[in-house]
Amino acid sequence: EKVLVDPVSSRSQQVARKQRLISFFLMEKLPIAIRELLKVKKFLALVIALVMIPLPTSSQAAVSKAVAFQAEVWADNWFSLYVNGQMVAEDSIPITTERSFNAETISFDAAYPLNVAIISKDYIENETGLEYIGLPNQQMGDGGFIAQITDTTTGEVVLVTSSAWRGLVIQTAPLNTQCEKSADPLADCQYEQLDEPTGWQSAEFDASGWMTATEYTPAEVGTKDGYDTIEWDASAHLIWGDDLKTQNTILWRAPVVE
């Protein structure tokens, strides 16, 4: 005997089954899918964040790495050396010593870029700018210095004194050079004394407005006592201001060594 199926009832059952399947998916499977999707999104976000972090440039990578250097300096008459804002050495012979001509070799560690500053002084007996006061050879002295810095890891000379250096004269005397042979130079000689600019040794200091160094030959400076003990690079030059005799104290900034 045939059993008749009610078409309406059959469709109702199909709809009910679909609803149960949808309900099962929404209640059971969808949360799992969403959780998995969120995990993927978090992973992708992490990847994107890592990709967007800038990699250090070669110069930035070098900043944190200290390198061994050797500085060689000859000065008429005295100097103090600063690297990256820190004093690393000064002349072993005090500036109060007459005829203090000597070469110095200094080892130090620093990181690139190198910001080098030097203060150089010609010996003067007092603010008149003269030496041998009261003696027959009373006179104006003359300055001059030369320096080179070598990266001892590579053996490369990375910095030398030249006209590329910038200087600021902070002691000039005598302004009236005719007082050179005066019997009373303290009364007769005029001078100019400036304060050191704040932070002039620091890496951030801008010395672009300072004068450019003047290069001199050994004969012009009158090099002696220690100058010939150093094997100077061919590009290293004796430098000073534009007046060897009256410019007695000069602050120097070198080009930055990257």
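Every value quoted in this text rests on a predicted model; they were computed, and no experiment measured them.

Asker: Residues and numbers for unusual backbone geometry, please.
Answerer: Omega for the bond connecting D76 with N77 falls within 30 degrees of zero, at 20 degrees, which places this linkage in the cis form. Note that N77 resides in the loop between β1 (66–75) and β2 (78–83). The peptide bond linking A173 to P174 adopts the cis configuration, its omega dihedral lying at -10 degrees. By secondary structure assignment, the location of P174 is in the loop between β10 (166–172) and α3 (185–188). With a phi close to 55 degrees, N84 is a non-glycine residue in the positive phi region. Within the secondary structure, N84 is located in the loop between β2 and β3 (86–90). A relative accessible area of 27% means that N84 is categorised as partly exposed.

Asker: Mind laying out the state of the cysteines, listing which residues take part and the relevant values?
Answerer: Within this structure, the stated rule accounts for 1 disulfide. Residue C179 pairs covalently with C189 via a disulfide, S to S 1.9 Å. As the torsion about the S-S bond is roughly 110 degrees, the C179-C189 disulfide counts as right-handed. On the criterion of sequence distance, the pair formed by C179 in the loop between β10 and α3 and C189 in the loop between α3 and β11 (192–193) is long-range, its members being 10 residues apart. Like C179, the residue C189 is buried in the burial classification.

Asker: So, the packing of aromatic side chains: which residues are in play, and what are the values?
Answerer: Under the definition given, this model contains 8 aromatic pairs. Both rings, one in F145 and one in W165, keep their centres 6.1 Å apart while their planes meet at 75 degrees; by these two values the pair is edge-to-face. Here the residue F145 occupies a position in strand β8 (residues 145–151), and W165 occupies one in the loop between β9 (156–160) and β10, the gap between them amounting to 20 residues. Overall, F145 belongs to the buried group, its relative accessible area being 0%. The exposure class assigned to W165 is buried, which follows from its relative accessible area of 2%.

Asker: Can you tell me about empty space enclosed by the protein, naming the residues and giving the values?
Answerer: This structure, assessed with the given rule, holds 1 cavity of 30 Å³ or more. Approximately 50 Å³ is the volume found for the largest cavity. For the largest cavity, the full set of lining residues is A71, V73, L81, V116, I118, A147, Q148, I149, L159, V160, T161 and W165. Breaking the lining of the largest cavity down by element, the ones donating at least two residues are β1, β5 (116–121), β8 and β9. Sorting elements by how many residues they give to the lining of the largest cavity places β8 first, with 3 residues.

What counts and what doesn't
Residues numbered from 1 in each chain as written. Predicted model: local features only at pLDDT ≥ 70, side-chain atom pairs only at ≥ 80, totals over all residues. Heavy atoms only, no water. Helix = DSSP H or I, 4+ residues; strand = E, 2+ residues; numbered from the N terminus. Buried < 20%, exposed > 50% of the residue type's maximum accessible area, 1.4 Å probe, protein only. Disulfide = S-S within 2.5 Å. Phe/Tyr/Trp six-rings, centres within 6.5 Å; stacked < 30°, edge-to-face > 60°. 1 Å grid on protein atoms, 1.4 Å probe; cavity = no way out; pocket = protein on both sides within 12 Å on 5 of 7 lines; lining within 4 Å. Points joined across faces, edges and corners; volume = space filled by probe spheres on them.

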